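Structural overview for review
Residues per chain are reported as follows:
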Amino acid sequence: MAQDISNIRPRRSCLYMPGSNARAMEKAKNVAADCIILDLEDAVAPEAKQSARDAVCTQVAARPFGHREVVIRTNALDTEWGMNDLMAAVRAGPDAILIPKVTDAQDIAAIDAAMDAAGADDSLALWVMIEMPLAILGIASIAAMARSTRLTAFVMGTNDLAKEMLAVPTPDRAAFHTALSLSVSAARAHGLIAIDGVYNDISDSDGLRAECEQGRIMGFEGKTLIHPAQLKSCNDIFSPSAQDIADARDIIAAFAEPANKGQGVLKVNGRMTEILHLEQARRTVAIAEAIARAE
């Protein structure tokens, strides 16, 4: 199931910002991130949960983040903070609410019902963390909930997944290849956004670039990040290159030629090009134009 590209927006870089850090939230107003994820979960100590919630929701309600997509990550709904986080986040009105620790399709239905009960309108999207082994085992049924709920995005939680799997993280992420590929495949089957997990070593720019390249090859639209220093590499790698854009425009122009009407296969710039390549070309141009509008 192809994604709708009529209102596509870039999600190359999704930067986590701790909700308990006022300075970080202020900085988020000016960073070169496509998406800001204001975090009430892992980045916030238990004693600071309520004050962080109040601070984040006050900021979001004031709409200070410009063109950036704004997401609030709550605590899991089965924690003592989760439901209050959700209700406050709905009132604040971000672009999306990100829920951690989902395990199955029933979780998605319950979260969607809770959003309804909290007064959410249909424009408020649901993103979920894919970070539990049960979620990987049931990823197709979770993704299928996009057809009947607000679910629009998967965000990989590779740190939690490593912990739950007792896996050893390595530079090639061998332990996570199956989970990452299954999650992207399920997302694509149901028209969902797919965002890769974080890279933990802020000082290792080469390692970050390699992991961004790997994520792009796998099919992710972008990557979650833990520090503004990681933004440039991520934005560069998940952006279509000038050559990509030129090739895409050539494909679109070739299929638009009256002489080629009804043709399923054309030769464009010396390459055999099919209708499926036209669809890819349209998406490439759409995302390039969306990036240009945001810069």
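The structure we're discussing is the one just above.
Right, let's walk through the structure included here. This is a predicted model, so every value here is computed, not measured.

Let us look at the pattern of salt bridges. Evaluated as defined, the whole model comprises 23 salt bridges. A salt bridge links Glu69 to Arg11, with the nearest nitrogen and oxygen atoms 2.8 Å apart. Highlighted residues: Glu69 in strand S3 (residues 69-73) and Arg11 in the segment before strand S1 (13-18), separated in sequence by 58 residues. Exposure class is identical for Glu69 and Arg11. Each is buried. Two residues, Asp34 and Arg12, come together in a salt bridge whose shortest N-O distance is 2.8 Å. Note that Asp34 is positioned in the loop between helix H1 (22-27) and strand S2 (35-39) and Arg12 in the segment before S1, a separation of 22 residues in sequence. Residue class for Asp34 comes out buried when judged on its relative accessible area of 5%. By relative accessible area, which is 6% here, Arg12 ends up buried. Here the salt bridges do not stand alone but share partners, grouping Asp39, Glu41, Asp42, Arg73, Lys101, Glu131 and Asp160 into one network.

Attention now goes to the packing of helix H11 (residues 242-256) against helix H12 (residues 275-294). Axis separation between H11 and H12 bottoms out at 8 Å; the angle between their running directions is 130°. One element, H11, and the other, H12, form an angle in the oblique class. Relative to H12, H11 is oriented so that their crossing is left-handed. Across from Asp244, Ile245, Ala248, Arg249, Ile251, Ile252 and Phe255 in H11, the residues of H12 making contact are Ile275, His277, Leu278, Ala281, Arg282, Thr284, Val285, Ala288 and Glu289. Considering only residue class, the contact of H11 with H12 consists of 10 nonpolar, two polar and four charged.

Bringing the packing of aromatic side chains into the picture now. Within this structure, the stated rule accounts for zero aromatic pairs. Sitting over the face of the ring of Trp81, Lys49 holds its NZ or CZ atom 5.1 Å from the ring centroid.

What follows deals with the side chain of Lys49. Tracing the backbone through its elements, the reader meets Lys49 in helix H2 (residues 49-61). For Lys49, which is buried and forms no salt bridge, the nearest opposite charge comes from Asp42, at a distance of 6.4 Å. Polar side-chain contacts of Lys49 include one of 3.0 Å to the backbone oxygen of Leu40. Of note is the side chain of Lys49, whose polar atom sits 2.7 Å from the side chain of Asn75. For Lys49, the residues in contact, after removing those within four places along its chain, are Leu40, Glu41, Val44, Asn75 and Trp81.

What follows deals with the state of the cysteines. Here a disulfide denotes a covalent bond joining the sulfur atom of one cysteine to the sulfur atom of another. By the definition in use, this model includes zero disulfides. Among the cysteines around Cys212, which has no disulfide bond, Cys234 carries the closest sulfur, lying 4.2 Å off. On the basis of relative accessible area, Cys212 is assigned to the buried category, the value being 0%. Residue Cys234 is classed as buried on the basis of its relative accessible area, which comes to 0%.

About the cut-offs
Residues numbered from 1 in each chain as written. Predicted model: local features only at pLDDT ≥ 70, side-chain atom pairs only at ≥ 80, totals over all residues. Heavy atoms only, no water. Salt bridge = Lys/Arg side-chain N within 4 Å of Asp/Glu carboxyl O. Helix = DSSP H or I, 4+ residues; strand = E, 2+ residues; numbered from the N terminus. Buried < 20%, exposed > 50% of the residue type's maximum accessible area, 1.4 Å probe, protein only. Axes fitted to C-alpha atoms, helices over the stretch in contact; angles between N-to-C directions. Parallel < 35°, antiparallel > 145°, perpendicular 65-115°, else oblique. Left-handed = near helix turned anticlockwise from the far one by under 90°. Contact = heavy atoms within 4.5 Å. Nonpolar A, V, L, I, M, F, W, Y, C, P; charged D, E, K, R; others polar. Phe/Tyr/Trp six-rings, centres within 6.5 Å; stacked < 30°, edge-to-face > 60°. Lys NZ or Arg CZ within 6 Å of the ring centre and 35° of its normal. Lys, Arg positive; Asp, Glu negative; His and termini not counted. Polar contact = N/O pair within 3.5 Å; in protein donor to acceptor, adjacent residues only side chain to side chain. Disulfide = S-S within 2.5 Å.

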